[in-house]
Amino acid sequence: MKPPKAHAIGSRKDYRAFIGGVDRYDFMGALQFNVLTTLGLRAHHRLLDIGCGSLRVGRLLMMYLNPSCYYGIEPEKWLIDEAIEHECGRDLVKLKQPTFSYDSNFECGKFGVRFDYFLAQSVFSHATQHQINLCFMEVSKSISSNGYFVFTYVKGDTDWVGSHWAYPKCVPYTESFMKNVSEQNGLYLFEIEPPVPSGQTWSIATPIANKNSIAYLESSTLQDINNRLVYYRQRLNMLENTGFIRFYLAVKTYATKIKMKIKGQA
Ligand SMILES: C[S@@+](CC[C@H](N)C(=O)[O-])C[C@H]1O[C@@H](n2cnc3c(N)ncnc32)[C@H](O)[C@@H]1O
């Protein structure tokens, strides 16, 4: 029997298809969960999932976090309703007491909470410059002093100038645009590598005074370069010790010495 035909991305007929490829609903949820827990998310932290959609990661986060620690903003209320109905069930919601808001102005302050983590996965890939600015401004007002804002965007050579939310197409922004918006809102931005590529650039932003807490991410890049250097040095040593190369190097050294001698005599 053939599997039922999947609805196209962005389709209002399917809460999974609306937010992305149906075949990636599981993977994209797991990836977000992995990135967040790798970056230090623990059960007692408070997290706000901006544009939480049909709870692709929300269902995993609700299970993981303590009661009343998962928050979501999503203008398309039906996505959350369907996800509760078909993905997590009302019992989990009763047990974990998530809080949802259905506004489209990124109003993070309305919860009256200082968040340890914010997540905006595949939100800036559809947002206008004004919306991105607004979102950063809102996040900066509600982020705890050692909090993290984890987000993705589609990195390009130009900044999209459209004036409306673009959906389901993706729109590009430059790294410098993201850095500027971040800095203007008192946040330090650093690009991170997800465990597997997702098609978007992942970044983390934190209050500038907390910048040192993510220094280990930067030094791990240095560590990576250092490891490669050690590896290539070892390969070079191996090559230099093969018979043919040793003979060539000996001849080269001898020839250089003779050249120097002749030069000295001239
Ligand atoms: C590509 S989906 C990503 C969903 C979710 N973050 C994920 O990765 O599973 C983008 C989501 O952003 C939501 N969205 C649209 N406008 C928004 C706004 N102004 N504020 C917050 N979310 C918005 C959409 O309804 C949609 O659910």
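These numbers were taken from a predicted model, which means no experiment stands behind them. (Residues numbered from 1 in each chain as written. Predicted model: local features only at pLDDT ≥ 70, side-chain atom pairs only at ≥ 80, totals over all residues.)

### Focus: the site of the ligand
For clarity, the cut-off: Any residue whose C-beta atom, as placed from the backbone, lies within 6 Å of a molecule or strand is termed near it. Only Asp, Glu, Lys and Arg are considered charged in this grouping, and only Ala, Val, Leu, Ile, Met, Phe, Trp, Tyr, Cys and Pro are considered nonpolar; every other residue, Gly among them, is considered polar.
In the neighbourhood of the ligand, 21 residues make up the surrounding shell, with G51, G53, R56, S104 and Q121 lying closest. Partitioned by chemical class, the residues of the shell around the ligand number 11 nonpolar, seven polar and three charged.

### Let's talk about the pairing of strand β2 (residues 70–73)
Walk down a regular strand and you will see the side chains alternate between the two sheet faces. Definition in use: Between the buried cut of 20 or more and the exposed cut of 12 or fewer other C-beta atoms within 10 Å of a residue's own C-beta lies the partly exposed class, and all C-beta atoms are placed from the backbone. Each helix is a run of H or I in the DSSP string that is no shorter than four residues. Each strand is a run of E no shorter than two, and both are numbered from the N terminus. Should DSSP find at least two bridges between two strands, the strands are regarded as paired. Whether a crossover is right-handed depends on one test, that the path from the first strand over the helix to the second runs clockwise when the strands point away from the viewer.
Across the two faces of β2 the burial is the same, with Y70 and G72 and Y71 and I73 all buried. One ladder, built from four bridges, connects strand β1 (residues 47–50) with β2; its direction is parallel. Of the residues in β2, the one forming a bridge with D49 is G72. One crossover worth recording links β1 to the parallel β2 by way of helix α2 (residues 58–64), and it is right-handed. Across three bridges, β2 lies against strand β3 (residues 99–101) in parallel orientation.

### Let's talk about helix α1 (residues 25–38)
In an α-helix, one turn spans 3.6 residues, which is why side chains three or four residues apart end up on the same side. Applied cut-off: Under the convention used throughout, the expected extent of a helix is 1.5 Å for every residue step, that is, one less than its residue count. Each residue is represented by a C-beta atom placed from its backbone, and any two residues with such atoms within 7 Å are regarded as in contact.
Taking 1.5 Å per residue as the helical rise, α1 with its 14 residues ought to reach 20 Å, and the 20 Å between its terminal C-alpha atoms agrees with that figure. Restricting attention to buried positions, one finds in α1 the residues G29, L31, Q32, F33, V35 and L36. Those residues of α1 that are buried are in contact with α2, β4 (115–120), β5 (143–155) and β8 (201–207). The first or second residue beyond α1 is G40, which carries a positive phi of 110°.

### Considering the domain arrangement of the chain
Spelled out, the test is: A domain assignment, automatic or from a database, supplies the domain bounds used here.
Here the chain is described as being made up of domain 1 (17–211) and domain 2 (220–265). Just the C-alpha atoms count here: the centres of domain 1 and domain 2 sit 50 Å apart.

### As for the environment of S54
Along the chain, the position of S54 falls in the loop between β1 and α2. With 26 C-beta atoms packed within 10 Å, S54 lands in the buried category. A sequence separation of 82 residues divides S54 from F136, and the C-alpha atoms of the two residues are 23 Å apart.

### Topic: the nonpolar core
Put simply, the rule reads: Here a nonpolar core is just a set of buried residues of the types Ala, Val, Leu, Ile, Met, Phe, Trp, Tyr and Cys, joined wherever their C-beta atoms sit within 7 Å.
Judged by nonpolar contacts, the single largest core of 54 residues is most densely connected at L47, I50, Y117, F118, F149 and V150. Per-element accounting of this core gives the leading share, six residues, to β5. Excluding residues that lie within four positions of it along the chain, Y117 makes contacts with L36, L41, H45, L47, G147, Y148 and V150.

### With respect to the pairing of β4
Summarising burial for β4: five of the six residues are buried, a large majority. Pairing of β1 with β4, which is carried by three bridges, proceeds in the parallel orientation. In the sheet register, L47 faces β4, and the bridge partner there is Y117. Pairing between β4 and β5: five bridges, direction parallel. Bridge pairing in β5 places F115 opposite I143. With helix α4 (residues 129–142) bridging β4 and its parallel neighbour β5, the resulting β-α-β unit is right-handed.

### A few points about unusual backbone geometry
Following Y167, the chain continues to P168 via a peptide bond in cis, the omega torsion being 5°. Of note, P168 is situated in the loop between β5 and β6 (172–173). At Q97, a residue that is not glycine, the phi angle is positive and equals roughly 45°. One can find Q97 in the loop between α3 (77–96) and β3. According to the C-beta neighbour criterion, Q97 is exposed, with 12 such atoms within 10 Å.

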